[in-house]
Amino acid sequence: MCKNCDLKPVYKTLNDKNLCKSCFIKYFEKKVLKIIRQYNLIEDKDEVFVGLSGGKDSMTCLYILDKYLKKMGRQIKALLINEGIEGYRNKTVEDAEKICKELKIHLKIVSLKKEFGKSIDDFYKNYKGRPCTPCGIFRRYLLNKYAREYGAAKLATGHNLDDEAQSIFMNQIKGNMALSAKLGPATGVLVHKKFIKRIKPLYFMTEKEVTVYAFLKRFPINYIECPYFHNTFRDNVGRMLNELEEKYPGTKQSIVKAFIEILPKLREQYQGEKIGTCKVCKEPAAKERCKACELLNRN
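Residues numbered from 1 in each chain as written. Predicted model: local features only at pLDDT ≥ 70, side-chain atom pairs only at ≥ 80, totals over all residues. Heavy atoms only, no water.

A. Highlighting helix 11 (residues 251–270). Helix length check: helix 11, at 20 residues, gives a terminal C-alpha distance of 27 Å against a target of 28 Å (1.5 Å per residue), a fit within 8%. The largest bend in helix 11 is about 45 degrees, located at I262, with the proline P264 one to four residues further on. On its buried face, helix 11 sits against helix 7 (161–174), helix 8 (177–180) and helix 10 (233–247). (Helix = DSSP H or I, 4+ residues; strand = E, 2+ residues; numbered from the N terminus. Expected span 1.5 Å × (residues − 1). Bend = angle between axes of the 7 residues up to and from the residue. Contact = heavy atoms within 4.5 Å.)

Structure (structure tokens):
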């Protein structure tokens, strides 16, 4: 029975508390709002955009932020990057359009093909490296560029606790602590006038919790996976962490909580690094050319 109201439970928390549908939804939303307030993710008068993909995470993030901001008489907007992945992105675009129509949220869609002259499918025909790397670079580039051009002060993404645990672990394996310093509920170490701060309202919510919430709220979602994701570095790390979580419940939460404790020191260490402007596109860049322009130049 549900620990609060004796109704049939739908979810058991890590500390073995059974929750019915209504109590789980309240628990989930309350925890997300606590994350927003504890880390001051949204400040007064912030124009907030959500990086919407049409998947369960970004849809959940959109729904809760919309509910939260509407209570204060404010509106949220959504920004979607269409990479042009055949048989995948077109379906998630339809889902994104459905929920934005239901919630009366303005959705802006940016096409990677229109921006760069080729879709990610076109790009991968001649690319020999890891498939997720270019897609991630182009998506971050376009999300930042258009969130800024559309007047956003904050860009919210649907990254959850599982995503963060994977990123922390991946950076540890690669020895890239400078990249880890950019993680956290509100990302970024270096300041640039063209950078839009990213926030992660679902930071301490597990993927399982997000999945349950999205299912209970009946969001219009096609539960499909990107065809390029299978057997990537992140996919392998994710499966390994899932195995550890099954044997030792709370593993992912412990990884993220321990990381949060050392994050201030990490950011302090890498704060002195400089960031300039890409000589090609004039977007923020650590080198003469940004990563997006380097990739386009090589391919």
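There's more to say after this.
B. Spatial organisation of unusual backbone geometry. For D16, which is not glycine, the phi torsion reads 65 degrees and is therefore positive. The residue D16 is located in the loop between strand 1 (11–12) and strand 2 (18–19) in this model.

C. View of the side chain of N144. The residue N144 is located in helix 6 (residues 132–149) in this model. We classify N144 as buried; its relative accessible area is 6%. If we ignore the near neighbours within four places in the chain, the residues touching N144 are K194, F195, I196, R198, E283 and P284. (Buried < 20%, exposed > 50% of the residue type's maximum accessible area, 1.4 Å probe, protein only.)

D. Molecular detail of the nonpolar core. Grouped together as the largest cluster of nonpolar side chains are 63 residues, with contacts concentrated most on F28, I42, L62 and L65. If we skip the residues at most four places from it in the chain, I42 touches I36, V48, L65, Y68, L69, R74, K154 and I199. (Core = buried A, V, L, I, M, F, W, Y, C linked by side-chain atoms within 4.5 Å.)

E. Inspection of the pattern of salt bridges at higher detail. For the coordinates displayed, the defined rule picks out 17 salt bridges. Measuring nitrogen to oxygen at the nearest pair gives 2.5 Å for the salt bridge that ties R89 to E83. For the pair R89 and E83, a shared accessibility class is recorded, and that class is buried. Of the charged contacts, one joins K125 and D122 as a salt bridge, the two residues approaching to 3.6 Å between their closest N and O atoms. One salt-bridge network, held together by shared partners, links E43, D46 and K154. (Salt bridge = Lys/Arg side-chain N within 4 Å of Asp/Glu carboxyl O.)

F. Examining the packing of helix 7 against helix 10 more closely. Contact geometry of helix 7 with helix 10 gives a least axis separation of 9 Å together with a crossing angle of 110 degrees. Judged by the inter-axis angle, helix 7 sits roughly perpendicular to helix 10. Crossing of helix 7 against helix 10: the hand is right-handed. Along the contact surface, helix 7 presents D162, D163, A165, Q166, S167, F169, M170, I173 and K174, while helix 10 presents F233, R234, V237, G238, M240, L241 and N242. Here the contact of helix 7 with helix 10 is composed, by residue class, of eight nonpolar, four polar and four charged. (Axes fitted to C-alpha atoms, helices over the stretch in contact; angles between N-to-C directions. Parallel < 35°, antiparallel > 145°, perpendicular 65-115°, else oblique. Left-handed = near helix turned anticlockwise from the far one by under 90°. Nonpolar A, V, L, I, M, F, W, Y, C, P; charged D, E, K, R; others polar.)

G. Quick look at helix 9 (residues 207–216). Residues of helix 9 that are buried include every one of E209, V210, V212, Y213, A214 and L216, and no others. Taken together, the buried residues of helix 9 touch strand 1, helix 1 (21–38) and helix 2 (56–70). Looking one or two places after helix 9, you find R218, whose phi comes out positive at around 55 degrees.

H. How the structure looks around the packing of aromatic side chains. All chains considered together, the criterion is met by 18 aromatic pairs. Between Y146 and Y150 the ring centres are 5.8 Å apart and the planes differ by 45 degrees, which places this aromatic pair in the tilted class. The class for Y150 is partly exposed, based on a relative accessible area of 31%. Among the aromatic residues, ring-to-ring pairing joins Y11, F24, Y27, F28, Y63, Y213 and F219 into one connected group. Between K108 and the ring centre of Y150, over which it is positioned, the NZ or CZ distance is 4.2 Å. (Phe/Tyr/Trp six-rings, centres within 6.5 Å; stacked < 30°, edge-to-face > 60°. Lys NZ or Arg CZ within 6 Å of the ring centre and 35° of its normal.)

I. Geometry of the pairing of strand 3 (residues 48–51). Covered by surrounding structure in strand 3 are V48 and V50 together with F49 and G51, the residues of both alternating faces. As paired elements, strand 3 and strand 6 (residues 154–156) share three bridges and run parallel to each other. Bridge assignment links F49 to a residue of strand 6, and that residue is L155. Taken together, the three bridges between strand 3 and strand 4 (residues 77–82) define a ladder with parallel strand orientation. In the sheet register, V50 faces strand 4, and the bridge partner there is A78. (Pairing = 2+ DSSP bridges.)

J. Structural view of the packing of helix 7 against helix 11. Contact pair helix 7 / helix 11: the axes reach a minimum separation of 9 Å and the direction vectors enclose 65 degrees. By the angle between their axes, helix 7 is roughly perpendicular relative to helix 11. Relative to helix 11, the crossing made by helix 7 is left-handed. Residues L161, D162, E164, A165, I168 and F169 of helix 7 pack against K252, Q253, I255, V256 and F259 of helix 11. By residue class, the composition of the contact of helix 7 with helix 11 is seven nonpolar, one polar and three charged.

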